[in-house]
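Observations on the model geometry
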Amino acid sequence: MGRLEHAITRLQEMQSLRDDAGRTVGPVCGIVVTLCYLVAMLSVPVDRLGMLLWFAVYPIVASPYLGRSFTKVFLRSLYTLPFIIFIGIFNPVFDTVPAMTVGSLTVSRGWITFVSIVLRGLMSVQAIMILVEAVGFEGVCRGLRRIGVPAGLVTQLLMVYRYMTVLLTECLNMRRARMSRCYGRTRMSLSMWGRITGQLFLRTVARSERINRAMLARGFNGAIPLYGGGDTLRPSRSDIVFAAVCCISFLILRFFDISGLLGLDGLI
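Here's a quick rundown of the structure. (Residues numbered from 1 in each chain as written. Predicted model: local features only at pLDDT ≥ 70, side-chain atom pairs only at ≥ 80, totals over all residues. Heavy atoms only, no water.)

Topic: the overall build of the protein chain
- Assigned secondary structure in the protein chain consists of 14 helices and 2 strands.
- Looking at the protein chain residue by residue over its 268 residues, the buried ones come to 36%.
- Here the contacts in the protein chain between residues at least 6 apart in sequence split such that 76% fall between residues at least 24 apart.
- Counting only carbon and sulfur atoms, one obtains 67% of the accessible surface of the protein chain, whose full area is about 16,500 Å². (Helix = DSSP H or I, 4+ residues; strand = E, 2+ residues; numbered from the N terminus. Buried < 20%, exposed > 50% of the residue type's maximum accessible area, 1.4 Å probe, protein only. Contact = heavy atoms within 4.5 Å. Areas by Shrake-Rupley, 256 points an atom, 1.4 Å probe, with all protein chains shown as cover.)

Structure below.
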């Protein structure tokens, strides 16, 4: 299976809303927990690594609780690592104020803030991935609609995600057509890349127009309906307990220096 086929299969798996045994939290509570986690974690001062590291417990604990493997979540989050590193790579260069001493090595504040940015980025990506893996992207969109996010924004998010599969399918069809006519040549010239990109754009526009006409013919009015009614998104008792425990824990980690209370502030 090639990369395009693997990407299409992966998107189709994420789009499915099967009620498997691993999904143990409702979309609304999952969104509330994730937002609370992101706000609490990202509001920690950038130079307080001791407080920040405690927030890494949530992805490690939540992944198996929601029936997901933390190892897979962690490895997939590493795809964003180059972009995160690029954000803070110049901090050690411009911020050279000494912050701590480890033996004979003096660590500047720029290195501490750089590590903090990397950790924040990875933990944010992991929390969002856990949410999407647990309830599905369509479940996230329906949960956002349930808590009052404007229908236009939710519809845009859902359409972009859903029709990524359509775009990848068009790319796959064009790739197969080219491979059947290239007589063993795998490399493409720059001019060939330009023609293929132009053809992909034209095919995508034509496909989107057909999809739009089909949706209008079926009564689409700009908002995706909540299939099954609001009862399917109503939080259960276990969902409420899970959300309450998580949110209270995040508030404790945010406003109390656990490392300082345990006497570990000298180590991290």
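Some thoughts on the environment of phenylalanine 114
- Position of phenylalanine 114 relative to the elements: it lies in helix α8 (residues 109-135).
- In this view, phenylalanine 114 contacts Ile85, Gly88, Ile89, Asn91 and Pro92; residues no more than four positions away in its chain are not counted.

As for the side chain of threonine 34
- Tracing the chain through its elements places threonine 34 in helix α2 (residues 27-42).
- What threonine 34 contacts, discounting residues up to four positions off in sequence, is Ala127 and Leu131.

Quick word on the packing of helix α9 (residues 137-146) against helix α10 (residues 151-162)
- Orientation of α9 relative to α10, taken along the N-to-C sense of each, is 175°, at an axis distance of 9 Å. Comparing the axis directions of α9 and α10 gives the class roughly antiparallel. Note on element contacts: α10 touches α9 through Ala151, Val154, Leu157, Leu158, Tyr161 and Arg162, opposite Phe137, Glu138, Cys141, Leu144 and Arg145.
- Here the residues of the contact of α9 with α10 sort into 8 nonpolar, no polar and 3 charged. (Axes fitted to C-alpha atoms, helices over the stretch in contact; angles between N-to-C directions. Parallel < 35°, antiparallel > 145°, perpendicular 65-115°, else oblique. Nonpolar A, V, L, I, M, F, W, Y, C, P; charged D, E, K, R; others polar.)

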